[in-house]
Amino acid sequence: LRWNQQMDCITKWYTPEEIDGGKVEMSTDGKGTAPKPGQLFRNPHMASVLRSLGEYGAQEGFYKAFPGQSIVETIRKHGGVMTMEDLNDHTSTYPEPIKVSYRGIDVWECPPNGQGIAGLIAIEGLNALEQNKI
């Protein structure tokens, strides 16, 4: 049901010609029809992406391969300026997570510049209120 409600969010990325030509991948008929509950849905393109990731890893199997190229083409088609070099030059960081404890439960988040810090600050505020019996 939810998939059907969100098909407009998927089809907005396609031209009318692509929809008429059956190019909408996340649909059962290629034209924007969502699968019904319980209906079998196959997505060979996604299977190819997962196969490439599994065989070659994230950098070689995604960013430098056809999934990355597809991302760049879609962004450029809609007025963006991303290039394959942008994807190839990207590096990810894996910072140490930060945590606070609340009532004996540790809550872990990624450190700034993510949004997790806001939740940890709120929990620390609750801790202060409870410790001061406010």
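A quick note: this is a predicted structure, and the numbers were derived from the prediction, not measured. (Residues numbered from 1 in each chain as written. Predicted model: local features only at pLDDT ≥ 70, side-chain atom pairs only at ≥ 80, totals over all residues. Heavy atoms only, no water.)

**Digging into the pattern of salt bridges**
- Under the defined criterion, the tally for this structure stands at four salt bridges.
- The partner of Lys-99 in a salt bridge is Asp-106, with the nearest N and O atoms 3.3 Å apart.
- By relative accessible area, which is 41% here, Lys-99 ends up partly exposed.
- Overall, Asp-106 belongs to the partly exposed group, its relative accessible area being 39%.
- Of the charged contacts in the structure, one is a salt bridge between Arg-103 and Glu-130, with a shortest N-O distance of 2.7 Å. Note that Arg-103 is positioned in the loop between β1 (98-102) and β2 (105-109) and Glu-130 in helix α7 (residues 116-131), a separation of 27 residues in sequence.
- Given the relative accessible area of 64%, Arg-103 is considered exposed.
- We classify Glu-130 as partly exposed; its relative accessible area is 34%. (Salt bridge = Lys/Arg side-chain N within 4 Å of Asp/Glu carboxyl O. Buried < 20%, exposed > 50% of the residue type's maximum accessible area, 1.4 Å probe, protein only. Helix = DSSP H or I, 4+ residues; strand = E, 2+ residues; numbered from the N terminus.)

**Observations regarding the environment of Ala-58**
- Mapped onto the secondary structure, Ala-58 falls in helix α4 (residues 44-63).
- Note on Ala-58: relative accessible area 44%, which makes it partly exposed.
- Residues contacting Ala-58, with those up to four places away along its chain left out, are Leu-53 and Tyr-63. (Contact = heavy atoms within 4.5 Å.)

**Comments concerning α4**
- Taking 1.5 Å per residue as the helical rise, α4 with its 20 residues ought to reach 28 Å, whereas the 19 Å between its terminal C-alpha atoms falls clearly short.
- At Gly-57, α4 shows its maximal bend, which comes to roughly 140 degrees.
- For α4, the set of buried residues is Val-49, Ser-52 and Gly-61.
- Buried positions along α4 lie against α5 (66-77). (Expected span 1.5 Å × (residues − 1). Bend = angle between axes of the 7 residues up to and from the residue.)

**Some remarks on the layout of surface pockets**
- By volume, the largest pocket amounts to about 670 Å³.
- Along the walls of the largest pocket sit 18 residues, with Tyr-14, Glu-25, His-45, Ser-70 and Thr-74 positioned nearest its centre.
- Among the elements of the structure, α4 and α5 are those that each provide at least two residues to the lining of the largest pocket.
- The element that contributes the greatest number of residues to the lining of the largest pocket is α5, accounting for six residues. (1 Å grid on protein atoms, 1.4 Å probe; cavity = no way out; pocket = protein on both sides within 12 Å on 5 of 7 lines; lining within 4 Å. Points joined across faces, edges and corners; volume = space filled by probe spheres on them.)

**Examining the packing of aromatic side chains**
- This structure, assessed with the given rule, holds two aromatic pairs.
- Aromatic side chains Trp-3 and Phe-41 sit 4.9 Å apart centroid to centroid with 75 degrees between the ring planes, which places their arrangement in the edge-to-face category. With Trp-3 in helix α1 (residues 2-5) and Phe-41 in the loop between α3 (16-20) and α4, the pair connects residues that are 38 residues apart, well separated along the chain.
- Overall, Trp-3 belongs to the partly exposed group, its relative accessible area being 29%.
- Judged by centre distance (5.3 Å) and plane angle (85 degrees), the ring pair of Phe-62 and Tyr-63 falls under edge-to-face.
- The partly exposed category is assigned to Phe-62, whose relative accessible area is 21%. (Phe/Tyr/Trp six-rings, centres within 6.5 Å; stacked < 30°, edge-to-face > 60°.)

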